[in-house]
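Residue strings, one per chain:
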Amino acid sequence: HPAMKPFSSLPVGDVERKGLVFFGSVSAHRSKILECIQATGIECQVFQGHNFHRDLMLGQAAINLSIPLNDTTMNHVSPFRIYSALHHGCMTLSVTSRTVPGLEGLVDWVPEERLADRAAELLRTGECHHLSRLFLDRFVARPMTGLLQRMIPYLGTCIARDTRAGQGEALPPFADFRPPK
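Residues numbered from 1 in each chain as written. Predicted model: local features only at pLDDT ≥ 70, side-chain atom pairs only at ≥ 80, totals over all residues. Heavy atoms only, no water.

Asker: Describe in detail the pairing of strand β2 (residues 44-47), supporting the description with residues and values.
Answerer: Direction of pairing for strand β1 (residues 20-23) relative to β2: parallel, over a ladder of 4 bridges. The residue bridging Leu20 from the neighbouring strand is Cys44, located in β2. Once the chain exits β1 it traverses helix α1 (residues 28-39) before rejoining the sheet at β2, and the crossover so formed is right-handed. (Pairing = 2+ DSSP bridges. Helix = DSSP H or I, 4+ residues; strand = E, 2+ residues; numbered from the N terminus. Right-handed = clockwise from strand over helix to strand, strands pointing away.)

Structure below.
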């Protein structure tokens, strides 16, 4: 949406973006790839903690890495991973994987064996900064009104049923929700 603004607590233009960041669980498949990248000497932060810190790291990194959980059953990437990075002014470099709708033109895809080389090239040439702006411009230009109009009626039902964290952490019924003051 054109009104979308980065919400990282670090202003996008006021920080020198550098290195790579990966957030998420580190499976054996991901670990193997991350170790290969780190062995090249490229600065690569691996993060598995609270979302607030993830957002800060995305606000400082030049490149967000997207690596499928494995190369068999979970061989796709999460749109959330890409959209979060874009929202924080960070491009995503991803291992080529199963196609996921909605990511067209928003990710730099490379075969697994080229990931480290491509990351180094993007950082060395500064192309990552150009791609961050290009991908964000493409994302913001997407028409969202129709999608949101179709989605909003279902949100109340989804929120009301969200008890995955246990009864003690269940969200209040949607009808009772009030934004914090």
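Asker: Summarise the environment of Lys18; cite the residues concerned and give the values.
Answerer: Structurally, Lys18 is set in the segment before β1. Under the relative-accessibility criterion, Lys18 is labelled partly exposed at 49%. In this structure the C-alpha to C-alpha distance between Lys18 and Cys128, which are 110 residues apart in sequence, comes to 9.8 Å. Residues contacting Lys18, with those up to four places away along its chain left out, are Glu43, Gln60, Ala61 and Ala62. (Buried < 20%, exposed > 50% of the residue type's maximum accessible area, 1.4 Å probe, protein only. Contact = heavy atoms within 4.5 Å.)

Asker: A description of the pattern of salt bridges should follow, citing residues and the corresponding values.
Answerer: In the structure shown here, the tally under the stated rule is 5 salt bridges. Linking Lys32 and Glu112 is a salt bridge whose minimum nitrogen-to-oxygen distance equals 3.5 Å. With Lys32 in helix α1 and Glu112 in the loop between β5 (108-110) and α4 (115-125), this residue pair connects regions lying 80 residues apart in the sequence. Of the residues examined, Lys32 reaches a relative accessible area of 43% and is grouped as partly exposed. Asp55 serves as the salt-bridge partner of Arg54, at 2.8 Å between the closest nitrogen and oxygen. Each member of the pair, Arg54 as well as Asp55, is classed as buried. Connected via shared salt-bridge partners are Asp108, Arg118, Glu121 and Glu127. (Salt bridge = Lys/Arg side-chain N within 4 Å of Asp/Glu carboxyl O.)

Asker: Explain helix α5 (residues 127-140) residue by residue, including any values.
Answerer: Helix length check: α5 (14 residues) gives 20 Å between terminal C-alpha atoms against 20 Å at 1.5 Å per residue, within 8%. Within α5 the residues assigned to the buried category are Cys128, Leu131, Ser132, Phe135, Phe139 and Val140. Down the axis of α5, the buried set is contained in an arc of 160°. They therefore lie on one face. For α5, the exposed residues set more than 90 degrees away from the buried face come down to Arg133 and Asp137. Where α5 is buried, its residues contact β3 (63-66), α3 (79-87), β4 (91-95), β5 and α4. (Expected span 1.5 Å × (residues − 1). Arc of directions from axis to C-beta.)

Asker: I'd like a description of the sheet that holds β4, backed by residues and values.
Answerer: The strand order across the open sheet built from 5 strands is β2-β1-β3-β4-β5, with neighbouring strands paired in parallel fashion. The two strands at the open ends of the sheet, each matched to only one other strand, are β2 and β5. This sheet shows a mean twist of 25° between the axes of neighbouring strands, independent of strand direction. On the sheet, α1 packs against β1, β2 and β3 and is oriented at approximately 155° with respect to β2. (Axes fitted to C-alpha atoms, helices over the stretch in contact; angles between N-to-C directions.)

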